[in-house]
Amino acid sequence: EAKPVNGTVIRNLVAYPNPTSGKVIIGFSGETGSSYELTISELSGRKVAVQELQGGEDMSSWTFDTSGLPKGVYSIRVIQLDGLRYGTIRLVVQ
């Protein structure tokens with residue numbers, strides 16, 4: 001579980017294609033050696049996916065298949081596990 005966030009915003013947080021009806025690639029610029037928690041949630045707050053990722057020199061990324069999700073708007077949140085960096089974007093599933 002990620003710590004409360006008091007830090008700076010993660011730059012270059014993207015999800016593509018967006019909107020999507022299948023696989024989506026979620027990418028962000030992470031710090032090398034840092035751990036991140038990526039969460040996809042319904043707008044009600046119910047988590048539909050959680051993944052831990054490691055930051056790298058280039059973009060860190062994760063591919064997620066949305067075909068099992070109902071159509072709607074979802075929140076993608078990435079938190080650096082030490083609580084120093086965070087980011088949130090919306091994902092539309094068609």
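Worth saying up front: this structure is predicted, and the values here are computed from it rather than measured.

A.B. asks: In this structure, what is going on with the overall build of the protein chain? I would like to understand it.
C.D. replies: Each helix and strand counted, the protein chain has zero helices and eight strands in total. Helices (α) and strands (β) of the protein chain occur, in sequence order from the N terminus, as β-β-β-β-β-β-β-β. Dimensions of the protein chain, computed from C-alpha atoms along their principal axes, come out at roughly 35 × 25 × 15 Å. Looking at the 94 residues of the protein chain, the share that counts as buried comes to 39%. Considering only intrachain contacts with a sequence separation of at least 6, the fraction spanning at least 24 residues in the protein chain is 59%. Carbon together with sulfur atoms contributes 48% to the accessible area of the protein chain, which is approximately 5300 Å² in total. Positive and negative side-chain charges in the protein chain, numbering 9 and 9 respectively, have mean positions lying 9 Å apart.

A.B. asks: Looking at this model, I keep getting lost on the packing of aromatic side chains. Mind explaining?
C.D. replies: The geometry of two aromatic rings is summed up by the distance between their centres and the angle between their planes. By the definition in use, this model includes two aromatic pairs. Considering the side-chain rings of Trp62 and Phe64, the 5.3 Å spacing of their centres and the 35° angle between planes classify their relative orientation as tilted.

Definitions and cut-offs
- Residues numbered from 1 in each chain as written.
- Predicted model: local features only at pLDDT ≥ 70, side-chain atom pairs only at ≥ 80, totals over all residues.
- Heavy atoms only, no water.
- Helix = DSSP H or I, 4+ residues; strand = E, 2+ residues; numbered from the N terminus.
- Buried < 20%, exposed > 50% of the residue type's maximum accessible area, 1.4 Å probe, protein only.
- Contact = heavy atoms within 4.5 Å.
- Areas by Shrake-Rupley, 256 points an atom, 1.4 Å probe, with all protein chains shown as cover.
- Lys, Arg positive; Asp, Glu negative; His and termini not counted.
- Charge placed at Lys NZ, Arg CZ, Asp CG, Glu CD.
- Phe/Tyr/Trp six-rings, centres within 6.5 Å; stacked < 30°, edge-to-face > 60°.

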